[in-house]
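A structural walkthrough
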There are 2 protein chains.
Amino acid sequence: MDLVTEKFSKLGVDNAPGQEARQKVAELDIRGAKIAGKPVDFSHGDVDAHIPTPGALGVFVDGVQLGTKQAYTEYRGAKAICDDIAAKLAKFTGAPILGDKEIIITPGTQCALFLAMGALIGRGDKVAIVEPDYFANRKLVEFFDGKLVPIKMDYFGANNCAGLDLVQLEKAFKSGVKLFLFSNPNNPTGVIYSESEIKTIAVLAKKHNVALIVDELYSRQIFDNHDYTHLRAQKEVPESLITILGPSKTESLSGYRLGAAFGSSYIINRMEKLQAIVSLRAGGYSQAVLKIWFSEPKGFMKARIAAHQDIRDGILKKVRAIDGVKARTTEGGSYLFIQLPSMDVDINAFAKIVRQLTDVTITPGTEFGPQFTNSFRINFSQDKGAALSAIDRVMKIMERYRR
Amino acid sequence: MDLVTEKFSKLGVDNAPGQEARQKVAELDIRGAKIAGKPVDFSHGDVDAHIPTPGALGVFVDGVQLGTKQAYTEYRGAKAICDDIAAKLAKFTGAPILGDKEIIITPGTQCALFLAMGALIGRGDKVAIVEPDYFANRKLVEFFDGKLVPIKMDYFGANNCAGLDLVQLEKAFKSGVKLFLFSNPNNPTGVIYSESEIKTIAVLAKKHNVALIVDELYSRQIFDNHDYTHLRAQKEVPESLITILGPSKTESLSGYRLGAAFGSSYIINRMEKLQAIVSLRAGGYSQAVLKIWFSEPKGFMKARIAAHQDIRDGILKKVRAIDGVKARTTEGGSYLFIQLPSMDVDINAFAKIVRQLTDVTITPGTEFGPQFTNSFRINFSQDKGAALSAIDRVMKIMERYRR
């Protein structure tokens, strides 16, 4: 097998969220009849149930009417929009951002992550990632020919913190890791790193000259007034630090494909060079939509967070009533990572069976780390009634397979 | 210098089209006063002068109103839209395309090119490219750690063909080249490959098992009823063949960031895997805009082509009146590659001087191959009067520096 064939054989997408329609119908151990109910796709949020920020389409149309100027921006994004969101993000994260040097607008936060990792990973470089964490992280390390160094997060055992294994992290940093990336709130568990964990990560990274990428995609959707610590606002931070944020989740603006990365200017410069050959720029007209980001109508964010907290509570009540099923309470974001008891089928087969028998789509835990063979992730940004009914159906199917 | 630093030091964007605002004001040999006139940015087309296809914004808004279904498509694009454009592109290019297997929608044709090259280039693979050709081609080969094998195109010496050196091409293929990519019509010269050239490329690629990427971005804008041959419709084609097309140029839909790649299903599969970690998908709502592609209002394309042919003729008349300046007549697309006489400054400095003294942006020839030290590219999809005045100013500045 040649190098490129080998690389792509490892880059699977068939079990990735949103790709379920492409799955081949394999030989599944189907038990019992279908359970009828409204189809729910837990692999992503439902922007029909939680609609995009009011005014988004209006500023998009204004952008189209601006014409050439908006269609052809600099590769890193239109200057005025970069300046505007730099100021807003600086305020939100508690540390300054230079609009002309330290920020880039990307087609979605996925692309921000791709560009940041492409800017920092050389062939053979050691890259530390958390397990569990966002499924694309591992694939990106492989694509850029890095060497993966997993760091354990004991999200069930921890109290008042995420449970990151800081001893293992320091050992990894000492062993020559060049980059550590993690999402906060964590995807898929929804846990938030404590101030102490964040401080320790920052100090260790600075000490061992490790670059950091912090994916804060869900940091605007915090439940129960939980504390949230922005790493970039810490006193001691490493020289190489990129924070990623975008309006695709809480704000439901995913259809416009927008993200932002901000931090060390030399990394932003590399990211722009890479963006020039990846996709030139984030869609010009879409960039205009960022004008309403962090300027939502009064009460919009508060209501949205409350609605999601309510759905979370409803689902947790249901799953916790079932023996052997557990989940840590989501502290931020729209994900729940639910652990099931032992079953006769593996989690990949279970997800396919659930889809066939209930029209419900869930994401297998193994997308987030090879050891999560009994867990699945859901994005509960859904219509509440539909989500609760869907969870009931998933649990009923589970009972047919539990040992 | 570590591997990744070295890679990015080679990936310059400062002289790339559209990036001129970021250029540092260096020590320039400024001669004479500014020449006033309407600013013209020849680095890209002006969608204010040649407006987007009527109806584009309407179908975009329809897409937004479709909600979740349109926001979260499969990574390769919404199935119905893939099927629709596969049928249209099959008709246009003269060979069938399977909508569910052989096409992917990308955020712009730049991303289509990135994904196709990423899907085919392994570390150390030899990649043949034409000189001159699209500036990103060389950068992409470098980014994917390929080895560049340049193929000469004698666009001034050739008659009734592009002038590709087919002897050199076969020699390169025999030497183990794995991939050959080229744009047709050629960017920056606007020449169209003859049927004989296309047939030879296809036959040689099949014989030597070379993968082909054909960038046909401008193939809908053909002047003087010139013949155009789609490679993918030839009897003999290699197993690995991708064609790239998009609505950003003639159709002026660049602000929506849309492109398509179609061909060998195993390459499309790899491209989708890569797109999943690069940017997930082309903007969901933007994808809806493809519904009007190849379904333009009656007469729209004909009028657009005629308007561009008229601008081309006006510019050619002006530059050909000047001793020592030459350009091959554009056969397709909106580019002219204009060769100047020897000057006291190099073409990069000249471009910067022109910008300072005339508010006109041109792209240095060296972006398209290191040997094009006396040429520059313009995109003449501009307001006609503004373009003609801008060319006058550029030529006047040239006279101040010619030897």
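Residues numbered from 1 in each chain as written. Chains lettered and ligands numbered in written order. Predicted model: local features only at pLDDT ≥ 70, side-chain atom pairs only at ≥ 80, totals over all residues.

1. So, the overall build of chain A
- Summing up its helical and strand segments, chain A has 13 helices and 13 strands in all.
- Its C-alpha radius of gyration of 21 Å places chain A within 12% of the 22 Å reference for a compact globule of 403 residues.
- With the C-alpha coordinates of chain A rotated into their principal frame, the extents come out at 60 × 50 × 50 Å.
- Looking at chain A alone, contacts between residues at least 24 apart form 76% of all its contacts between residues at least 6 apart. (Helix = DSSP H or I, 4+ residues; strand = E, 2+ residues; numbered from the N terminus. Rg over C-alpha atoms; globule rule 2.2 N^0.38 Å. Contact = placed C-beta atoms within 7 Å.)

2. A closer look at the interface of chain A and chain B
- Across the boundary between the two partners, chain A contributes 55 residues, which contact 55 residues of chain B.
- A per-element tally of the side of chain A that touches chain B places helix 9 (residues 265–278) of chain A first, with six residues.
- Class assignment of the residues belonging to the side of chain A that touches chain B gives a composition of 29 nonpolar, 15 polar and eleven charged. (Nonpolar A, V, L, I, M, F, W, Y, C, P; charged D, E, K, R; others polar.)

3. Topic: the environment of Lys34(B)
Residue and element names in this part refer to chain B.
- Tracing the chain through its elements places lysine 34 in the loop between helix 1 (3–10) and strand 1 (40–41).
- Judged by the 12 C-beta atoms lying within 10 Å of it, lysine 34 falls in the exposed class.
- Put simply, lysine 34 and methionine 271 are 237 residues apart on the chain and 48 Å apart in space, counted from C-alpha to C-alpha. (Buried ≥ 20, exposed ≤ 12 C-beta atoms within 10 Å, placed from the backbone.)

4. As for the nonpolar core
- The biggest cluster of nonpolar side chains holds 188 residues, and the ones touching the most others in it are Ala116(A), Ala261(A), Ala116(B) and Ala261(B).
- Ignoring anything within four residues of it in the chain, the contact list for Ala261(B) reads Ile104(B), Thr106(B), Ala112(B), Leu115(B), Ala116(B), Ile242(B), Ile244(B), Ile268(B) and Met271(B). (Core = buried A, V, L, I, M, F, W, Y, C linked by C-beta atoms within 7 Å.)

5. Remarks on the relation of the copies chain A and chain B
- Between chain A and chain B, which share one sequence, the superposing operator has a rotation angle of 180° and an axial displacement of 0.0 Å; the RMSD is 0.0 Å. Considering both components of the superposition, the chain copies are consistent with a two-fold axis.
- Take the interface residues of chain A: 100% of them recur as interface residues in chain B, which is what a same-surface contact looks like. (Least-squares fit on C-alpha atoms with pLDDT ≥ 70 in both.)

6. Some words on unusual backbone geometry
- A cis amide bond links Glu131(A) to the next residue, Pro132(A), at an omega of 5°.
- Of note, the bond from Asn184(B) into Pro185(B) is cis; its omega dihedral lies within 30 degrees of zero at 0°.
- In this model, Asp224(A) sits at a positive phi of 55°, which is unusual for a non-glycine residue.
- Within the element layout of this structure, Asp224(A) appears in the loop between strand 6 (211–215) and strand 7 (241–245).
- Positive phi, normally seen in glycine, also occurs at Arg257(B), with a value near 55°.
- In this structure, Arg257(B) sits in the loop between strand 7 (241–245) and strand 8 (259–263).

7. Comments concerning the pairing of strand 5 (residues 179–183) of chain A
Residue and element names in this part refer to chain A.
- Counting buried residues in strand 5 gives five out of five residues, a clear majority hidden from the surface.
- Burial along strand 5 is two-sided: the face carrying Leu179, Leu181 and Ser183 and the face carrying Phe180 and Phe182 are both buried.
- Looking at chain direction, strand 3 (residues 126–131) and strand 5 are connected through three bridges and run parallel. Bridge assignment links valine 127 to a residue of strand 5, and that residue is leucine 179. (Pairing = 2+ DSSP bridges.)

8. Re the environment of Ile104(B)
Residue and element names in this part refer to chain B.
- Following the sequence through the fold, isoleucine 104 ends up in strand 2 (residues 103–106).
- Judged by C-beta crowding, with 29 C-beta atoms within 10 Å, isoleucine 104 ranks as buried.
- Sequence spacing of isoleucine 104 and glycine 332 is 228 residues, and the spatial spacing of their C-alpha atoms is 25 Å.
- Filtering out sequence-adjacent residues up to four positions away, isoleucine 104 remains in contact with Arg76, Gly77, Ala261, Ile268, Met271, Glu272 and Gln275.

9. Description of the confidence of the model for chain A
- For chain A, the average pLDDT comes to 96, and 97% of its residues sit at 70 or higher.
- For this predicted complex, the interface score ipTM comes out at 0.95, while the overall pTM is 0.96. (pLDDT = per-residue confidence, 0-100.)

10. Notes on the sheet that holds strand 10 (residues 335–339) of chain A
Residues and elements named next belong to chain A.
- If you walk across this open sheet you meet the four strands as 9-10-13-12, and the pairing is antiparallel. A single partner strand is all that each edge strand has here, and the edge strands are strand 9 (326–327) and strand 12 (363–364).
- As defined by bridge partners, strand 12 adjoins strand 13 (residues 375–379) across two bridges and the pair is classed as antiparallel. Among the inter-strand pairings, threonine 363 is bridged to a residue of strand 13, identified as arginine 377.

11. With respect to the domain arrangement of chain A
All names here are of chain A.
- In terms of domain boundaries, chain A breaks down into domain 1 (3–51 + 299–401) and domain 2 (56–292).
- A separation of 25 Å is found between the C-alpha centroids of domain 1 and domain 2.
- If you look at the interface, domain 1 gives 29 residues, while domain 2 gives 29 residues.
- Residue assignment for the side of domain 1 that touches domain 2 shows that the elements contributing at least two residues are helix 1 (3–10), helix 11 (300–320) and strand 10.
- A per-element tally of the side of domain 1 that touches domain 2 places helix 11 first, with six residues. (Domains from an automatic or database assignment.)

12. Some points on the sheet that holds strand 2 (residues 103–106) of chain A
All names here are of chain A.
- With mixed pairing, the seven strands of this open sheet are ordered in space as 2-8-7-6-5-3-4. Edge strands, defined here as strands with exactly one partner in the open sheet, are strand 2 and strand 4 (147–152). Strand-to-strand, the axes of this sheet are offset by a mean angle of 20°, without reference to chain direction.
- Examined bridge by bridge, strand 2 and strand 8 (residues 259–263) share four bridges and lie antiparallel to one another. For isoleucine 104, the partnering residue across the bridge sits in strand 8 and is alanine 261.
- Its contacts with the sheet place helix 4 (residues 79–93) against strand 2, strand 7 and strand 8, and it is angled at close to 110° to strand 2.
- Strand contacts of helix 6 (residues 135–143): strand 3, strand 4 and strand 5, with the helix running at about 165° to strand 3, the strand carrying the most contacts. (Axes fitted to C-alpha atoms, helices over the stretch in contact; angles between N-to-C directions.)

13. Considerations on the pairing of strand 6 (residues 211–215) of chain B
All names here are of chain B.
- With five of five residues buried, strand 6 is to be regarded as a mostly interior element.
- Residue alternation in strand 6 divides its side chains into two sets, Ala211, Ile213 and Asp215 and Leu212 and Val214, and both sets are buried.
- The pairing of strand 5 (residues 179–183) with strand 6 spans five bridges and is classified as parallel. Directly across from leucine 179, in strand 6, lies its bridge partner alanine 211.

14. Comments concerning the packing of helix 5 (residues 109–120) of chain B against helix 9 (residues 265–278) of chain B
All names here are of chain B.
- Where helix 5 contacts helix 9, the two axes come as close as 9 Å, and the packing angle between them is 110°. In terms of orientation, helix 5 and helix 9 fall into the roughly perpendicular class. The way helix 5 lies across helix 9 gives a crossing that is right-handed. Here Leu115, Ala116, Gly118, Ala119 and Leu120 of helix 5 lie close against helix 9, whose contacting residues are Ile267, Arg270, Met271, Leu274 and Gln275. (Parallel < 35°, antiparallel > 145°, perpendicular 65-115°, else oblique. Left-handed = near helix turned anticlockwise from the far one by under 90°.)

15. Examining helix 9 of chain A
All names here are of chain A.
- Between the first and last C-alpha of helix 9 there are 19 Å, a value that for 14 residues agrees with the 20 Å anticipated at 1.5 Å per step.
- Of all 14 residues making up helix 9, eleven are buried, and the element is well covered by its neighbours.
- Residues of helix 9 that are buried: Ile267, Ile268, Arg270, Met271, Glu272, Lys273, Leu274, Gln275, Ala276, Ile277 and Val278. (Expected span 1.5 Å × (residues − 1).)

16. A short note on the packing of helix 12 (residues 347–358) of chain A against helix 13 (residues 384–401) of chain A
All names here are of chain A.
- It is at 10 Å that the axes of helix 12 and helix 13 come closest, and there the two elements cross at 120°. Viewed along their axes, helix 12 and helix 13 adopt a mutual orientation that is oblique. Where helix 12 crosses over helix 13, the two elements pack in a sense that is right-handed. In contact with Phe350, Ile353, Val354, Leu357 and Thr358 of helix 12, helix 13 contributes Arg393, Val394, Ile397 and Tyr401.
- The residue inventory of the contact of helix 12 with helix 13, partitioned by class, reads seven nonpolar, one polar and one charged.

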